[in-house]
Amino acid sequence: MKIGIIGTGSIGTVLAEALLSTSAVAPENIFLYNRTIEKAQQLKADFPGAHVCRTTEEVVKKARLIFVCLRQPDLKPLLQSIAPFLTAEHCILSTASAVSIKQMESVIPCPCGKVIPSVTNTAAAGGILYSFGQSCGPDWRKKVIGLLEQIAGVALEADDNVVRAASDLTGCGPAFFSKMAVMYANEAATYGLTKSQAETLAFHMMIGLGELLKQKDWTLEMLPERTAAKGGVTGRGLTVIESEAGELFAALCRMTQQKAAEDRKEASAAFGIIN
């Protein structure tokens, strides 16, 4: 299957690297476009055989499944510009979570949907989210889901009502928890460890945690029970987290939901269709 990626910024690069590094797609079947062509050429240098296109029209003519990885304000103008070249045989997947499929369908004449990748997909791990419009038939759905399952630990369908909360966990989560691990390591370094030692231990703790959960087939709820001895330091630490961290995550989710509402409002104004 010929696949196009329009926009090779941070999200587009993650998606391209995930598809190519996992061999889900052969380089010769990937067609890349970016307004700043050097970014697309860097991917080609990393994955010889991938094609760099000079125009979005060229991508549409070469590929049938096309990922559009642009910022929300840039999405409608791009869809309008490629609409004349799209056919019923194309499928467009956007990574702009706040733009609804209904809004996309108002602009383009082909099946469409959304995909929200995560940086963890470049290691064929983590979660990836997807949703489809009604015009996206069973053949396209099967092809897309099969492709996404090759580059993620789990591919989950998430409609417009839940995509923000879901992408907080899959897409933002790695950054959020990495930041907390760094903060935890820095605090530990005030008790005698060097900063380098603390960050090294935190780094390998996170790797070990993932491997442990995978190999032992434990749930997240089981791990604290298995590691917290009665009256021990881990148990006391969990009590602190339960007491102090609840408001942190409540505030974090409030913020992401507020930003999502702002983005949906902007998308509704741009497309003239309430999201």
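Predicted model only: the values in this text are computed from it and were never measured. (Residues numbered from 1 in each chain as written. Predicted model: local features only at pLDDT ≥ 70, side-chain atom pairs only at ≥ 80, totals over all residues. Heavy atoms only, no water.)

### As for the pattern of salt bridges
- Tallied over the entire structure, the rule returns nine salt bridges.
- The salt bridge partner of K61 is E57, with a shortest N-O separation of 2.7 Å. In this pair, K61 and E57 are both assigned in helix α3 (residues 56-62), four residues apart and thus about one turn of the helix distant.
- Taking the shortest distance from any N to any O, the salt bridge between R254 and E247 comes out at 2.6 Å. (Salt bridge = Lys/Arg side-chain N within 4 Å of Asp/Glu carboxyl O. Helix = DSSP H or I, 4+ residues; strand = E, 2+ residues; numbered from the N terminus.)

### Some words on the environment of G127
- Positionally, G127 belongs in strand β7 (residues 127-132).
- With a relative accessible area of 9%, G127 lands in the buried category.
- C-alpha of G127 to C-alpha of D168: the two residues are 41 residues apart in sequence and 11 Å apart in space. (Buried < 20%, exposed > 50% of the residue type's maximum accessible area, 1.4 Å probe, protein only.)

### What about the nonpolar core?
- Formed by 32 residues in total, the largest nonpolar core has its most connected members in L19, I30, L65 and F67.
- Those elements that provide at least two residues to this core are β1 (3-6), α1 (10-21), β2 (30-33), α2 (37-46), β4 (65-68), β5 (91-94), β7 and α6 (138-150).
- Among the elements that make up this core, the one with the highest residue count is α1 (five residues).
- In contact with I30, not counting residues within four places along its chain, are I3, I5, L19, L20, V25, A50 and H51. (Core = buried A, V, L, I, M, F, W, Y, C linked by side-chain atoms within 4.5 Å. Contact = heavy atoms within 4.5 Å.)

### Remarks on the packing of aromatic side chains
- Enumeration according to the criterion identifies two aromatic pairs in this entry.
- Consider the rings of Y130 and F132, whose centres lie 5.4 Å apart with planes at 45 degrees: the pair is tilted.
- Between F177 and F249, the aromatic rings sit 6.3 Å apart at their centres with planes inclined by 25 degrees, giving stacked as the arrangement. Highlighted residues: F177 in helix α7 (residues 163-188) and F249 in helix α11 (residues 246-271), separated in sequence by 72 residues.
- Over the face of the ring belonging to F271 we find K76, whose NZ or CZ atom lies 5.7 Å from the ring centre. (Phe/Tyr/Trp six-rings, centres within 6.5 Å; stacked < 30°, edge-to-face > 60°. Lys NZ or Arg CZ within 6 Å of the ring centre and 35° of its normal.)

These figures capture arrangement, not role.
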